[in-house]
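Residue-level listing of the chains:
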Amino acid sequence: MAKTPSSGRAARLGDMWYSIYSNKAALCGLIIIVLLALTAIVVYITELMGINILPYDPNQANMDEAFIAPCAEHWFGTDQLGRDIFSRVIDGTKISLSVGIAAVAISLTLGTILGSIGGYFGGKLDNLIMRFMDVILSVPSILLAIAFMAAMGRGLDKAVLAIGLVSIPEYARIARSCVISVKANDYIQAAIVTGDSSARIIFRHILPNITSPIVVRATLGISVAVLDTAALGFLGLGVQPPYAEWGDMLARSRSFIFSAPYTLIFPGMAITITVLAFNLLGDGLRDALDPRARRR
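Every value quoted in this text rests on a predicted model; they were computed, and no experiment measured them.

A. Looking closely at the overall build of the chain. Within the chain one finds 13 helices and 0 strands. Each helix (α) and strand (β) of the chain, taken in turn from the N terminus, gives the series α-α-α-α-α-α-α-α-α-α-α-α-α. Expressed as lengths along the three principal axes of its C-alpha atoms, the size of the chain is roughly 75 × 50 × 40 Å. Within the chain, the proportion of its 296 residues that are buried is 42%. Taken as a whole, the chain presents about 15,500 Å² of accessible surface, with 66% of it coming from carbon and sulfur. Here the chain contributes 24 positively and 21 negatively charged side chains, and the mean placements of these two sets differ by 13 Å.

Structure follows, in structure tokens:
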């Protein structure tokens, strides 16, 4: 009895999940990401409802409690303005994750479309698109993001756009190479002969078959976006006070690295753990989506 497409997809998903489950590092990364995502969602929803579930208001200053070392009341201590660092680190989760995911969504969408168009049509259009991508890649991404921020101004929305734009070439190159490989297959030629439009062929027949490398790159791209968000926040170009963001917290505490090191340690650990979790999951997805890796 022949397998239906849905049963085939279910089998592939089952194989992918088993591969991730067998990879303890990837599974650990997935668990951390799920916990971070749930934390960010709960904090965001409760804020919309006007409820503060955090131990303290993350943005409320209290100079009488400045520089309290980690203790039972303040697990991570307090900063120079007396704000609870634990509450600010938890509150900053929603900002870092939302910026990372939104920036990757922008770069993934635009990059995949541009790369698919260039790879499918080829010729001068492909050469024009890819040479423009090469120009963007010739400049370090963080410097280009800073340049965009200088032109557009400070703010979270500007940071999302800047980080998303500088990452477009990476997805465009991946999509282009995959499209060039896939479009030579017989079923693509059959779709052309039957009169399917170029848009239908790209979006219905090609893109569904090149999602694996793009998904892996997107997962790893979120970790890069989180780092870039922290870098822009450290430079004062991202989230503006008094809102909590891990990079901004590091920047405002760097003067106290010796007198109150805990003000830097915990935001730094949050960045490190988040980036590591996405990298571990990305490596696990790469192995799970590669049949040759599964056979090994």
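B. How the structure looks around the nonpolar core. Counting residues in each nonpolar core, the largest one holds 64 residues, and the members touching the most others are Val89, Met133, Ile206 and Ile210. It is helix α12 (residues 262-288) that contributes the most residues to this core, 11 residues altogether. Those residues within four positions of isoleucine 206 in sequence are excluded, and the remaining contacts are Tyr120, Val179, Val182, Lys183, Ile188 and Ile201.

C. How the structure looks around the side chain of aspartate 79. If you trace the backbone, aspartate 79 turns up in the loop between α2 (24-48) and α3 (85-121). Reaching out from aspartate 79, the side chain makes a polar contact with the backbone nitrogen of leucine 81 at a distance of 3.0 Å. If we skip the residues at most four places from it in the chain, aspartate 79 touches Ala66, Phe67, Ile85, Arg88 and Thr263.

Rules used throughout
- Residues numbered from 1 in each chain as written.
- Predicted model: local features only at pLDDT ≥ 70, side-chain atom pairs only at ≥ 80, totals over all residues.
- Heavy atoms only, no water.
- Helix = DSSP H or I, 4+ residues; strand = E, 2+ residues; numbered from the N terminus.
- Buried < 20%, exposed > 50% of the residue type's maximum accessible area, 1.4 Å probe, protein only.
- Areas by Shrake-Rupley, 256 points an atom, 1.4 Å probe, with all protein chains shown as cover.
- Lys, Arg positive; Asp, Glu negative; His and termini not counted.
- Charge placed at Lys NZ, Arg CZ, Asp CG, Glu CD.
- Core = buried A, V, L, I, M, F, W, Y, C linked by side-chain atoms within 4.5 Å.
- Contact = heavy atoms within 4.5 Å.
- Polar contact = N/O pair within 3.5 Å; in protein donor to acceptor, adjacent residues only side chain to side chain.

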